[in-house]
Amino acid sequence: MADPPGCCSTCATCLLCPYSCQWITAKKEKRKGLRTTKYDCSWFLFLFGVFLFTLVWLYFAIIILNDFHNFNEFIFRQRKLWLDWSLVLLIATAVLISYSSVLLVLALCLQLCGQPLKLHWVHKVLLILTALVVAAAFTGLGIKWAEEWKSARISLQATGPFLHIGAVGGMTLLAWPLASFIYRTHSTGLRVFVLLVFCAAMIALYLAPLGITSPCIMEQNQLPPKPALVGHRGAPMLAPENTLMSLHKAVECDVQVFETDIMVSADGVPFLMHDEELTRTTNVQAVFPERAALNSTAFNWTDLQQLNAGSWFLERSPFPTVHSLSPGDRKEAAEQRIPSLEQVLEAAKQSNISIMFDLRPENHSDYQNFVNVTLEVILQSGIPLEQVLWLPDGFREDVKQQAPGVQHVYGRKRLENEEPGLHVNLPYQDMSSEEIRQYRQDNISVNLYVVNQPWLFSVLWCSGVSSVTTNACQVLKEMKHPIWLLPSSTYFMIWIVVDCVSFLIIIWAFVLMKKCSHRRRPAESETDVLLTKINSLMQE
């Protein structure tokens, strides 16, 4: 394996101490004659693999932040414990990626200095644990949250060109310690194998843009109009969800549709509520502790009016934006009550905002009566029926007959030979960019949910989606254009320049390392000749 040609004693000590957990100077190391063995190389490769594995998980962790509020709600429903688990995820991921990164940098520096890569057993154990933790995280993601794999594929349309540039840059920097290793090792077979693997990886990276597609690679004049914003339960980052304050905040964000969920009380009053239980978004445990676990529809309207629907928002801070609310907004949020559908329709009529809703729970034995009661309130409210977007599938034909002006939104893709003018409402993972473009050409309105991150909004904007349902209306409102938009000719030029610069730097690295290795060889040869002469004289 590679010979340790020597290094500055201070540098060697600073590098060897954290990597090998030993305080050894370069001279002592030389006296011991330690070298990097095949066993040490295998641990270095394992370290490199763990680093890449953790880096991929970091990418996934950032991507799934768009949907993490759903995970927080799921945990609350299961354990009645509210916590922003995204912070736990990011902190744990940062620790793992930092640890593996520091070890990798130390190993590369040791290789450049010609020092042996003697990884301490503590680091070996921690690396194995890191790999197991990340593997467990990926497994859990695949079992419990499989749709996030689709989110990752969509994210590549936003990040693919930049990931390519980053990967080329990282592999280009790796050429320096790699060239040092190749010129120092005595094994011709290992040298050829490492060089071939590196060359194959670089060729694959250089040609990667041939497989990179993104709807945002287009001319500026081809960009579709900005998608309309649909407020998911209003503006839940600025006000308690499904309240009148949330509706008003959504109007301030230029939201065109207020998306909500309707339930019907025991005495027949439709009201706004997403969860089947009241525990997450009200103080029902304090007011009616013995009935807190009951379904929302088991309460009459008089009981519901006694509940506070805003204090939880300030206490639990479901979004980081809660901390930045003004004193006036905090006071208003603390006073929110559960609104009835009648109150919301009146506010929507005054604000000229449409309302789209689901009617829950769909499996209730009295669901048909829920539909009739809800329709009655809508017809009596005086709101223009074209401002009402009906999502529930149950008894849809009855709704069409009783209120023909209501717009119907379907939670499915279009059927074969279906008439134009259709409105569909789907998770953003369920439609590809090609499908969105085709629906747009066929005059089919597409609303995708829930879109919170600017990168995702940008991809869907470039694809031509009609509207998106969002928690972050205050963020998406400020976006005047997608995060990035590149003409294909510009992207092609960037691709060629990056690849050419990388290739030249790699050639320079190998040439420079070769010269350095030649400078060391004369000194080594003179030492060998002197030792040979001394040995001959002793034998005589």
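Criteria and thresholds
Residues numbered from 1 in each chain as written. Predicted model: local features only at pLDDT ≥ 70, side-chain atom pairs only at ≥ 80, totals over all residues. Heavy atoms only, no water. Helix = DSSP H or I, 4+ residues; strand = E, 2+ residues; numbered from the N terminus. Rg over C-alpha atoms; globule rule 2.2 N^0.38 Å. Buried < 20%, exposed > 50% of the residue type's maximum accessible area, 1.4 Å probe, protein only. Contact = heavy atoms within 4.5 Å. Areas by Shrake-Rupley, 256 points an atom, 1.4 Å probe, with all protein chains shown as cover. Lys, Arg positive; Asp, Glu negative; His and termini not counted. Charge placed at Lys NZ, Arg CZ, Asp CG, Glu CD. UniProt positions renumbered as here; feature names shortened; annotations may be inferred. Arc of directions from axis to C-beta. Axes fitted to C-alpha atoms, helices over the stretch in contact; angles between N-to-C directions. Parallel < 35°, antiparallel > 145°, perpendicular 65-115°, else oblique. Left-handed = near helix turned anticlockwise from the far one by under 90°. Nonpolar A, V, L, I, M, F, W, Y, C, P; charged D, E, K, R; others polar. 1 Å grid on protein atoms, 1.4 Å probe; cavity = no way out; pocket = protein on both sides within 12 Å on 5 of 7 lines; lining within 4 Å. Points joined across faces, edges and corners; volume = space filled by probe spheres on them. Domains from an automatic or database assignment. Pairing = 2+ DSSP bridges. Right-handed = clockwise from strand over helix to strand, strands pointing away.

**Q** Describe the overall build of the protein, with residues and values.
**A** Along the protein, the regular secondary structure elements total 20 helices and nine strands. Over its C-alpha atoms the protein spans a radius of gyration of 31 Å, topping by over 25% the 24 Å that the globule rule assigns to 540 residues. Once the C-alpha set of the protein is aligned to its principal axes, its extents read approximately 120 × 55 × 40 Å. Buried positions account for 48% of the 540 residues belonging to the protein. Counting contacts in the protein only where the partners sit at least 6 residues apart, residues at least 24 apart contribute 69% of the total. Of the accessible surface of the protein, which amounts to about 26,400 Å², a share of 62% is contributed by carbon and sulfur atoms. Across the protein, the centroid of the 43 positively charged side chains sits 17 Å from that of the 47 negatively charged ones.

**Q** Hey, could you go over the UniProt feature "domain: GP-PDE" (unreviewed entry) in the protein for me, with residue numbers and the actual values?
**A** In the numbering adopted here, UniProt assigns the feature "domain: GP-PDE" (unreviewed entry) to residues 227–480. Secondary structure content for residues 227–480 is 34% helix and 17% strand, and the end C-alpha separation is 11 Å.

**Q** Requested: an account of helix 14 (residues 341–351), with residues and values cited.
**A** At 3.6 residues per turn, the α-helix brings residues three or four places apart onto the same side. The complete set of buried residues in helix 14 reads Leu341, Val344, Leu345, Ala347 and Ala348. All buried residues of helix 14 fall inside an arc of 165° around its axis, so they share one side. Exposed and oriented more than 90 degrees from the buried face of helix 14 are Glu342 and Gln350. In the core, the buried residues of helix 14 are packed alongside helix 9 (244–252), strand 2 (257–264), strand 3 (270–272), strand 4 (354–359) and helix 15 (367–381). One or two steps after helix 14, the chain reaches asparagine 352, where phi turns positive at roughly 55°.

**Q** Please provide a residue-by-residue account of the packing of helix 3 (residues 38–63) against helix 7 (residues 147–184), values included.
**A** Contact geometry of helix 3 with helix 7 gives a least axis separation of 11 Å together with a crossing angle of 155°. By the angle class used here, helix 3 and helix 7 are roughly antiparallel. Here helix 3 and helix 7 pass one another in a crossing that is right-handed. Every residue of helix 7 that contacts helix 3 at Cys41, Phe48, Tyr59, Phe60 and Ile63 is listed here: Trp149, Ser151, Ala152, Ser155, Leu156, Thr159, Leu163, Leu174 and Phe181. Here the contact of helix 3 with helix 7 is built from residues that sort into 11 nonpolar, three polar and no charged.

**Q** Describe the layout of surface pockets, listing the residues and the values that go with them.
**A** Taken as a whole, the second largest pocket holds about 810 Å³ of empty space. Lining the second largest pocket are 23 residues, and of these Leu52, Leu55, Leu163, Gly166 and Ala167 lie nearest its centre. Within the residue set of the lining of the second largest pocket, elements represented by two or more residues are helix 3, helix 5 (85–113) and helix 7. For the lining of the second largest pocket, the leading source of residues is helix 7, giving 10 residues. Each of domain 1 (8–145) and domain 2 (153–214 + 488–519) accounts for three or more of the residues forming the lining of the second largest pocket.

**Q** Break down the pairing of strand 6 (residues 407–410) for me, with residues and values.
**A** As paired elements, strand 5 (residues 388–390) and strand 6 share two bridges and run parallel to each other. What sits directly across from leucine 389, in strand 6, is glutamine 407. Crossover connection from strand 5 via helix 16 (residues 396–402) to parallel strand 6: handedness right-handed. Relative to strand 7 (residues 423–427), strand 6 runs parallel, the two being bridged by two bridges. Paired with valine 409 across the strands is histidine 423, a residue of strand 7.

**Q** Describe empty space enclosed by the protein, and please don't skip the residues or the numbers.
**A** Scanning the model with the defined rule gives two cavities of 30 Å³ or more in all. Considering the residues around the largest cavity, the lining is formed by Glu241, Asn242, Thr243, Leu272, Met273, His274, Thr281, Thr282, Ala309, Ile338 and Pro339. Residues of the lining of the largest cavity, tallied by class, amount to five nonpolar, five polar and one charged.

**Q** Outline the UniProt feature "transmembrane region" (unreviewed entry) in the protein, supporting the account with residue identities and numerical values.
**A** In the UniProt entry, the feature "transmembrane region" (unreviewed entry) is given for residues 41–65, 85–113, 125–143, 163–183, 190–212 and 492–512. As annotated, residues 41–65 comprises 92% helix and 0% strand, and the C-alpha atoms at either end are separated by 37 Å. Strand forms 0% of residues 163–183 and helix 100%; the C-alpha atoms that close the span are 30 Å apart.

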